Each structure stands twice: as structure tokens, then as C-alpha cells.
Amino acid sequence: MVVNVLAGLGLAVCLLLLLDMAIGARRRALVRAWLRLQWQRLRHLPHRQRERQAAQQAAAQAIERARRAVVEREGNVYRPRSFDRRPPDDKLH
């Protein structure tokens, strides 16, 4: 069983190398560039998923903070009450 699997893998490698030699230099370069690109995409896929989940979580937290904030509305402008308070050492001039 294991011998048959190894023989099949060896045959597949040999056929791929034969095909690689037969297609010519220009197409070989295109195929290798495409394979390199696919490999990079597969390598970075877990990072992208984690980044997307982190971004979705940060957006959900920001939306929740905005819903809970105490805000006054002047026309179509929202003004948080925290903007009304100035620090005690605030000197304009």
C-alpha cells in the first residue's frame, strides 16, 4: 500500500518535470509566477481572517460605545458632553 502511494507520487513528480521541460521558458516562468502567487495567498490566509475578525470586533465595540455615549444634539450635530468641560489649566492666550 505505502509502496504504491510512493510510486504514484514519484510518477506524478516525473510527469510534472516532463511537462515543465516541454512548455518552454516563457510559459514556465508564467506558471512558476502563478504558483508562487498562489502559495503566498495560502500562507497569508490565516492572517487575513484574524485581521478581518479583529476589525469586525473593533467596529462592533465602537458602535456599542457610540450607542451608550451621553450626547446632546444641536440640529444635525452631535456634541458629547465631554467637549463642554475644559481642563483647569486651559489658557487660550
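Everything numeric in this text was worked out from a predicted model, so none of it was measured.

**A look at the overall build of the chain**
Turning to step 1, where the next piece is worked out: When its secondary structure is counted, the chain shows two helices and two strands.
Turning to step 2, where the next piece is worked out: Ordered by position in the sequence, the α and β elements of the chain form the string α-α-β-β.
Turning to step 3, where the next piece is worked out: Counting over 93 residues, the chain shows a buried share of 0%.
Turning to step 4, where the next piece is worked out: Total accessible area on the chain is roughly 9,300 Å²; 60% of this is exposed by carbon and sulfur atoms.

**Structural notes on helix α2 (residues 25-68)**
Turning to step 1, where the next piece is worked out: A rise of 1.5 Å per residue sets the reference length of α2, with its 44 residues, at 64 Å; its end C-alpha atoms lie 63 Å apart and thus fit the reference within 8%.
Turning to step 2, where the next piece is worked out: For α2, the principal kink sits at His 44 and spans about 40 degrees; a proline, Pro 46, occurs within the next four residues.

**Quick word on the pattern of salt bridges**
Turning to step 1, where the next piece is worked out: Under the definition given, this model contains two salt bridges.
Turning to step 2, where the next piece is worked out: In this structure, Arg 28 engages Asp 20 in a salt bridge whose closest nitrogen and oxygen atoms are separated by 3.6 Å.
Turning to step 3, where the next piece is worked out: Here Arg 28 falls in the partly exposed class, since its relative accessible area comes to 23%.
Turning to step 4, where the next piece is worked out: Put simply, Asp 20 and Arg 32 hold a salt bridge, and the shortest N to O gap is 2.8 Å. Of the two residues, Asp 20 is situated in helix α1 (residues 2-22) and Arg 32 in helix α2; the sequence distance between them amounts to 12 residues.
Turning to step 5, where the next piece is worked out: The exposure class assigned to Arg 32 is partly exposed, which follows from its relative accessible area of 45%.

**Let's talk about the confidence of the model for the chain**
Turning to step 1, where the next piece is worked out: Averaged over all residues, the pLDDT of the chain is 84; the fraction at 70 or higher stands at 81%.
Turning to step 2, where the next piece is worked out: Within the chain, the lowest mean pLDDT, 70, falls on strand β1 (residues 71-74), and the highest, 94, falls on α1.

**Examining the layout of surface pockets**
Turning to step 1, where the next piece is worked out: The calculated volume of the largest pocket comes to roughly 170 Å³.
Turning to step 2, where the next piece is worked out: Around the largest pocket, the lining residues are Leu 16, Leu 17, Leu 19, Asp 20, Ile 23, Val 31, Arg 32 and Leu 35.
Turning to step 3, where the next piece is worked out: Looking at the lining of the largest pocket, the elements with two or more residues in it are α1 and α2.
Turning to step 4, where the next piece is worked out: In terms of residue count, α1 provides more of the lining of the largest pocket than any other element does, four residues in total.
Turning to step 5, where the next piece is worked out: Broken down by class, the residue content of the lining of the largest pocket amounts to six nonpolar, no polar and two charged.

What counts as what
- Residues numbered from 1 in each chain as written.
- Predicted model: local features only at pLDDT ≥ 70, side-chain atom pairs only at ≥ 80, totals over all residues.
- Heavy atoms only, no water.
- Helix = DSSP H or I, 4+ residues; strand = E, 2+ residues; numbered from the N terminus.
- Buried < 20%, exposed > 50% of the residue type's maximum accessible area, 1.4 Å probe, protein only.
- Areas by Shrake-Rupley, 256 points an atom, 1.4 Å probe, with all protein chains shown as cover.
- Expected span 1.5 Å × (residues − 1).
- Bend = angle between axes of the 7 residues up to and from the residue.
- Salt bridge = Lys/Arg side-chain N within 4 Å of Asp/Glu carboxyl O.
- pLDDT = per-residue confidence, 0-100.
- 1 Å grid on protein atoms, 1.4 Å probe; cavity = no way out; pocket = protein on both sides within 12 Å on 5 of 7 lines; lining within 4 Å.
- Points joined across faces, edges and corners; volume = space filled by probe spheres on them.
- Nonpolar A, V, L, I, M, F, W, Y, C, P; charged D, E, K, R; others polar.

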